[in-house]
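This is what each chain is made of:
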Amino acid sequence: MMNDRLFIFDTTLRDGEQVPGCQLNTIEKIQVARALESLGVDVIEAGFPISSPGDFNSVIEISKAVTWPTICALTRAVEKDIQVAAEALQFAKHKRIHTGIGTSDSHIKYKFNSNREEIIERAVAAVKYAKRFVEDVEFYAEDAGRTDNEYLARVVEAVIKAGATVINIPDTTGYCLPSEYGAKIKYLMENVKGVHNAILSTHCHNDLGMATANTIAGVVNGARQVEVTINGIGERAGNTSLEEVAMIFKSHRELNIDTNINTQKIYPTSRMVSSLMNMPVQPNKAIVGRNAFAHSSGIHQDGVLKNVQTYEIIDPKEVGIDDNSIVLTARSGRAALKSRLTSLGVELDKDKLDNIYESFLKLADKKKDINDDDILVLAGEDRSLNKRIKLEYLQVTSGVGVLSVASLALNISGEKFEGCASGNGPVDAAIKALKKIIDRHMTLKEFTIQAISKGSDDVGKVHMQVEYDNQMYYGFGANTDIIAASVEAYIDCINKFHS
Ligand code: KIV
Ligand code: ZN
């Protein structure tokens, strides 16, 4: 029996990028899009062009940068959205408009103050309008997971008749059970007239931890496109992760499904997205987590040493994890660093490599072994080299029973400014000193510190959220000194609005 082809629709740059603090600039999005192309995804959802000039521009630039995947742009079932999406897609070699509307009773009543018949009319009108611009039109029935199947089938039948080529059945709230979601796809396959003129697509959110299970249930029951993100990032608890779906179908050959994913590119792509988005991958994340292939208990180690198949269902090399990787230390040269960066999906020109190498040597002086996460942090720092405000020095005294005092200097567009303050702990003192220089009404809303791996010499990562002028700004800092990392994260926020 011939295997069926499953199309991989990646929405890292649209649904994934909606995560607060994970926004990428256009250059970074192009980097991710190129990595997705070489990973072998079939469709890249590049953005929601009407939502912002940045999104519009990214869809244009991604369309120019990649060749064979279809580039998709999201819209509401609104003519203006569709016109703008078509304009943003003008340079794409293969283009798709993804339009749709909420179909559950709660969306119809509360979002649209409408009724079922009117929603079908709007859905059909949107598809017909999008067809004026592109041949390939995907329709999403938002909140399909909670939409009654009989009504959903009527919507799907109507939009296929109007010309939709792909029908997306999102479990927008991540509510469905796998059996329920699978039954929904089966119902549509069996009850929609003309269903074979289109492809049904899954789009599952992970609010109850069932996104991947629901996606697989959808495919088993007839869906032939899956909407996924790298590392499962996405709104709230995230979307279905690409790497899990790809490896499930690669491991379970009895399901007779093939994808075009070059699985050896999974790990480097995962690391690249994590590093560009400053979004750590949880250590126990399936397929790409740091511990996904680590056997720590004695019984498991003994088994693996006797025969790796005892406890390992996937060879880590299949997903691009090279366990023979060279350990980087202060004695490693540029070539070793470059090779490690390449295997992590980061390509740099000579100047950037020189900059990173310099920071690498400084870090290697403080820390014995440099791990992949450290290197990705250094590669991320390189992106902040051109920022207007930089930390020049920081000195803090603190202890038990004494007031913390910090003095620091900032370089603002080449000019040095110094400030000094005391505070309730070293971070508070340092931020007060910083605020003496940058005198704006800013409020720290969120502050997360995370050590990357192990050891007291490790690099700590800090994520911050600062409110200024009724807007939220997200910042990131990484340093072996956690106070310095905190100040860097605060400066990163300020750099986003300071001019
Ligand atoms: O989750 C969802 O319903 C979506 C649609 C906009 C496709 O992301
Ligand atoms: Zn979604």
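This one's a predicted model, so the numbers in the text were calculated from it and none came from an experiment. (Residues numbered from 1 in each chain as written. Chains lettered and ligands numbered in written order. Predicted model: local features only at pLDDT ≥ 70, side-chain atom pairs only at ≥ 80, totals over all residues. Heavy atoms only, no water.)

## Quick look at the nonpolar core
Where we set the bar: In these notes, a set of buried Ala, Val, Leu, Ile, Met, Phe, Trp, Tyr and Cys residues joined through side-chain atoms within 4.5 Å is what counts as a nonpolar core. Whether a residue is buried, partly exposed or exposed follows from its accessible area with a 1.4 Å probe, protein chains only, as a fraction of its type maximum: under 20%, in between, or over 50%, in that order. Whether two residues touch is decided by their heavy atoms; if any such pair falls within 4.5 Å, the residues are in contact.
Counting 115 residues, the largest nonpolar core has Phe-139, Ile-167, Ile-169, Ile-266 and Leu-337 as its most contacted members. Once residues within four sequence positions are removed from consideration, Leu-337 is found in contact with Leu-328, Leu-353, Ile-356, Tyr-357, Phe-360 and Ile-375. By size, the runner-up hydrophobic cluster in this structure holds 29 residues, among which are Leu-410, Tyr-473, Ala-489 and Ile-494.

## A closer look at the environment of Pro-178
This is how it is decided: Numbering of helices and strands starts at the N terminus; helices are DSSP runs of H or I of at least 4 residues and strands are runs of E of at least 2.
For Pro-178, the location among the structural elements is in helix α7 (residues 178-191). The exposure class of Pro-178 is partly exposed, given its relative accessible area of 26%. Remark: the alpha-carbon pair of Pro-178 and Ile-216, spanning 38 residues in sequence, is separated by 8.2 Å. Beyond its immediate stretch of four places on either side in the chain, Pro-178 contacts Met-210, Ala-213, Asn-214 and Ala-217.

## A short note on the packing of helix α12 (residues 334-343) against helix α13 (residues 350-366)
Put simply, the rule reads: Lines fitted to the C-alpha atoms define the axes, with helices restricted to the stretch that makes contact. Angles between their N-to-C directions range from 0 to 180 degrees. Angle categories are assigned with fixed cut-offs, so that under 35 degrees is roughly parallel, over 145 is roughly antiparallel, 65 to 115 is roughly perpendicular, and the rest are oblique. Ten residue types, Ala, Val, Leu, Ile, Met, Phe, Trp, Tyr, Cys and Pro, are classed as nonpolar, four, Asp, Glu, Lys and Arg, as charged, and the remainder, Gly among them, as polar.
Two numbers describe how α12 lies on α13: the axes approach to 10 Å, and their chain directions differ by 105°. One way to sum up the angle between α12 and α13 is to call them roughly perpendicular. Note on element contacts: α13 touches α12 through Leu-353, Asp-354, Ile-356, Tyr-357 and Phe-360, opposite Arg-334, Leu-337, Lys-338 and Leu-341. Here the contact of α12 with α13 is composed, by residue class, of six nonpolar, no polar and three charged.

## Quick look at the coordination of the zinc ion (ligand 2)
In plain terms, the rule: For Na, K and Ca the donor cut-off is 3.2 Å; for every other metal, N, O and S atoms count as donors within 2.8 Å. Water does not enter the count, which can leave sites looking incomplete.
Ligation of the zinc ion (ligand 2) by protein atoms is provided by Asp-15 (OD), His-203 (NE2) and His-205 (NE2), these donors lying 2.0 to 2.2 Å from the ion. For the zinc ion (ligand 2), the single-chain donor residues occur in sequence as D-x187-H-x1-H. Taken as a pair, Asp-15 in the loop between β2 (7-10) and α1 (26-39) and His-205 in the loop between β8 (199-204) and α8 (211-220) lie far apart in primary sequence, 190 residues in all. The exposure class assigned to His-205 is buried, which follows from its relative accessible area of 5%.

## Examining the site of ligand 1
Note the following rule: Summary of the distance rule: residues count as near a molecule or strand when at least one heavy atom falls within 4 Å of that molecule or strand. Counted as a polar contact is a pair of N or O atoms within 3.5 Å, where, for protein atoms, one must be capable of donating a hydrogen and the other of accepting one, and residues adjacent in sequence contribute only when both atoms are in side chains. The Shrake-Rupley method, run with a 1.4 Å probe sphere, supplies the accessible areas, and residue values consider only the shown protein chains as cover.
In the region of ligand 1, the neighbouring residues are Arg-14, Asp-15, His-98, Tyr-140, Glu-142, Asn-168, Pro-170, Thr-172, His-203 and His-205. Between an oxygen atom of ligand 1 and a side-chain N or O atom of Arg-14, the distance comes to 2.9 Å. Take Thr-172: an N or O atom from its side chain is 2.7 Å from an oxygen atom of ligand 1. Protein coverage of the free-state accessible area of ligand 1, which is 260 Å², stands at 92%. Grouping the amino acids of the shell around ligand 1 by side-chain chemistry returns two nonpolar, five polar and three charged.

## Considering the sheet that holds strand β5 (residues 95-102)
Operational definition: Whether two strands pair depends on DSSP finding at least two bridges between them.
The sheet built from eight strands closes into a barrel, its strands ordered β2-β3-β4-β5-β6-β7-β8-β9 with parallel pairing. The average undirected angle you get between the axes of adjacent strands in this sheet is 25°. Two strands pair when backbone bridges link them, and β5 and strand β6 (residues 136-142) are joined in this way by seven bridges, in the parallel orientation. Along β6, the bridge assignment pairs Thr-99 with Phe-139.

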